[in-house]
Amino acid sequence: MNPFEIVRFALRGLLANKMRSALTMLGILIGVSAVIMLVAVGEGASRSIQQNIQRLGANTLTVSPSFAGGGGGGARGGGDAGPRTQARRLTLDDARALTDRTLAPSVKSVSPVVTAPSATAAYGAASHAIAQFVGTYPSYFEAVNKPVDQGTYFFNDDVLAARKVVVIGRTVAEALFGSADPVGERISVSGVPFTVVGVLKETGSTGTQDADDVAIAPLPAVQQSLSGFGPLNQIVVQATGADTTTAAQAEVTAVLDQRHGVTGGAADYRILNQATLQETVSQATGTFTVLLAAVAAISLLVGGIGITNIMLVTVTERTREIGIRKAIGASRGAILGQFLLEATLLSLAGGVAGVLLAFAGTRFSVAGIQPVLVPSSVVLALGVSVGIGLFFGSYPADRAAKLRPIQALRHE
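Here the structure is a predicted model, which is why all the values come from computation and not from measurement.

### A closer look at the overall build of the protein
Then, number 1: Looking only at helices and strands, the protein has 13 helices and 14 strands in total.
Then, number 2: Relative to its full complement of 412 residues, the protein shows a buried share of 45%.
Then, number 3: For the protein, the computed accessible surface area is about 19900 Å², with 60% contributed by carbon and sulfur atoms.

Set out below in structure tokens:
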């Protein structure tokens, strides 16, 4: 019996029981599509997180106060035991100390940051509650990667003169001005007039937070009008380069430890290193993706068991057919090849259908995450589906091939 006849008999056997074949394929289809989709969701989540981190700059350090009370985690990511030093707030003097090139040669710029607790902007009849109203220095725009799309950002002279000028995000601009150009217009922020000098380039949403719902103004203007002259909310430090970020972190730590009197206990501040965070997130999401794929692969195993059961039923139903074919000269290899091919075709067809379903699924976002199809997962899932057909179909096929013609012909 030549290979073409083996394929013809295998296809005829599958088409003779279309419903049974379709149900058998369903298990593989679900398994393959689940593996590909979950890997795609994991990859999409990883890229989304990395993009959000990169928006802040790979060489950026964010210093924020840490007042967890009673000896909580320390500033450098450790769980230091021991008494906490007396808590001190971050101040403008702390920020100025970090600009000392002798103490911190790896630091390029330092941007003290305050945020207004609430800020509602109004222009004419339109009003908008700004999600984040920031007071800072001009270096902040470069440090956190917020380029201006229209107009310009403010300058050091504006900071020194405490001018009430503001750069707004795209969401704020559209809410107040629609499609009109806001540059040069005066808006009221919680009753305080600010002149719009620029509009930030659109960034997009960060999960549930709109990164474009922001306004940035000179630090003294915000302190005088909205936040008061209290402690800083953050200090954004930009290293001289991506390769000096770790050195810059060590220098910032040394300066702040000295100023805050940290002598071995848990510090009253913490430093977020964007480069380290990105590496950690990449590793975590990679592990998470592998775990998702492993869980989804269980359904492939279930589909393989289904193939075994269906093929055993098929062999039992076609025992007389096997006996007749053997009696007229079909070899053991031909019978083995036919049933093994049937199992493999079932598995492969289910795998292809699963790939198509997964491809369609990646066109839609899942929980706010846009899945990203990973080609290697498609190849792997298809390869595994074929392997499952060969592995789980081998036992029924071998059982059919070992039937004796006389016993098979006597089967009722």
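Text resumes after the structure shown.
### Brief notes about the packing of aromatic side chains
Then, number 1: For the coordinates displayed, the defined rule picks out 5 aromatic pairs.
Then, number 2: Put simply, the rings of Phe141, Tyr153, Phe154 and Phe155 touch in pairs and so form one group of aromatic residues.
Then, number 3: Directly above the ring of phenylalanine 359 sits arginine 363, whose terminal nitrogen or CZ lies 4.7 Å from the centroid.

### Brief notes about the pairing of strand β7 (residues 165–168)
Then, number 1: Burial along β7 is two-sided: the face carrying Val165 and Val167 and the face carrying Val166 and Ile168 are both buried.
Then, number 2: Alignment of β7 against strand β12 (residues 214–218), held across 2 bridges, turns out to be antiparallel. Bridge pairing in β12 links isoleucine 168 to alanine 215.

### Structural notes on the pairing of strand β4 (residues 126–130)
Moving residue by residue along a regular strand, the side chains alternate between the two faces of the sheet.
Then, number 1: Pairing geometry for strand β3 (residues 119–123) and β4, over 5 bridges, is antiparallel. Bridge assignment links tyrosine 123 to a residue of β4, and that residue is alanine 126.
Then, number 2: Counting the residues in the hairpin turn of β3 and β4 gives 2 residues, including glycine 124, whose phi is positive at 60°.

### Observations concerning helix α6 (residues 170–177)
Then, number 1: Residues of α6 that are buried: Arg170, Val172, Ala173, Leu176 and Phe177. Take α6 and look down its axis: the buried residues cluster within an arc of 160°, on one side only.
Then, number 2: Note on α6: the residue one or two positions beyond its end, glycine 178, has a positive phi of about 65°.

### Topic: the pattern of salt bridges
Then, number 1: Scanning all chains against the criterion turns up 5 salt bridges.
Then, number 2: The partner of arginine 96 in a salt bridge is aspartate 93, and the shortest N-O contact between them spans 3.1 Å. One end of the pair is arginine 96 and the other is aspartate 93, both in helix α3 (residues 92–98) and 3 residues apart, which spans about a single turn.
Then, number 3: Given a relative accessible area of 43%, aspartate 93 falls into the partly exposed group.
Then, number 4: Arginine 163 is the salt-bridge partner of aspartate 158, the closest N and O atoms lying 3.0 Å from each other.
Then, number 5: By relative accessible area, aspartate 158 is classed as buried at 11%.

### Thoughts on unusual backbone geometry
Then, number 1: Residues other than glycine seldom take positive phi values, yet asparagine 145 does so here, at roughly 60°.
Then, number 2: Within the secondary structure, asparagine 145 is located in the loop between α4 (139–143) and β6 (148–151).
Then, number 3: In the Ramachandran plot, serine 190 falls in the positive-phi region, its phi being about 50° despite a non-glycine side chain.
Then, number 4: Locating serine 190 in the fold gives a position in the loop between β8 (186–189) and β9 (192–200).
Then, number 5: Relative accessible area serves as the criterion here: at 41%, serine 190 is assigned to the partly exposed category.

### Description of the side chain of threonine 136
Then, number 1: Relative to the helices and strands, threonine 136 is located in strand β5 (residues 132–136).
Then, number 2: Ignoring sequence-local partners within four residues, the contact set of threonine 136 consists of Ser111, Pro112, Val113, Phe154, Val159, Ile216, Ala217, Pro218 and Leu219.

Quick notes on the rules
- Residues numbered from 1 in each chain as written.
- Predicted model: local features only at pLDDT ≥ 70, side-chain atom pairs only at ≥ 80, totals over all residues.
- Heavy atoms only, no water.
- Helix = DSSP H or I, 4+ residues; strand = E, 2+ residues; numbered from the N terminus.
- Buried < 20%, exposed > 50% of the residue type's maximum accessible area, 1.4 Å probe, protein only.
- Areas by Shrake-Rupley, 256 points an atom, 1.4 Å probe, with all protein chains shown as cover.
- Phe/Tyr/Trp six-rings, centres within 6.5 Å; stacked < 30°, edge-to-face > 60°.
- Lys NZ or Arg CZ within 6 Å of the ring centre and 35° of its normal.
- Pairing = 2+ DSSP bridges.
- Arc of directions from axis to C-beta.
- Salt bridge = Lys/Arg side-chain N within 4 Å of Asp/Glu carboxyl O.
- Contact = heavy atoms within 4.5 Å.

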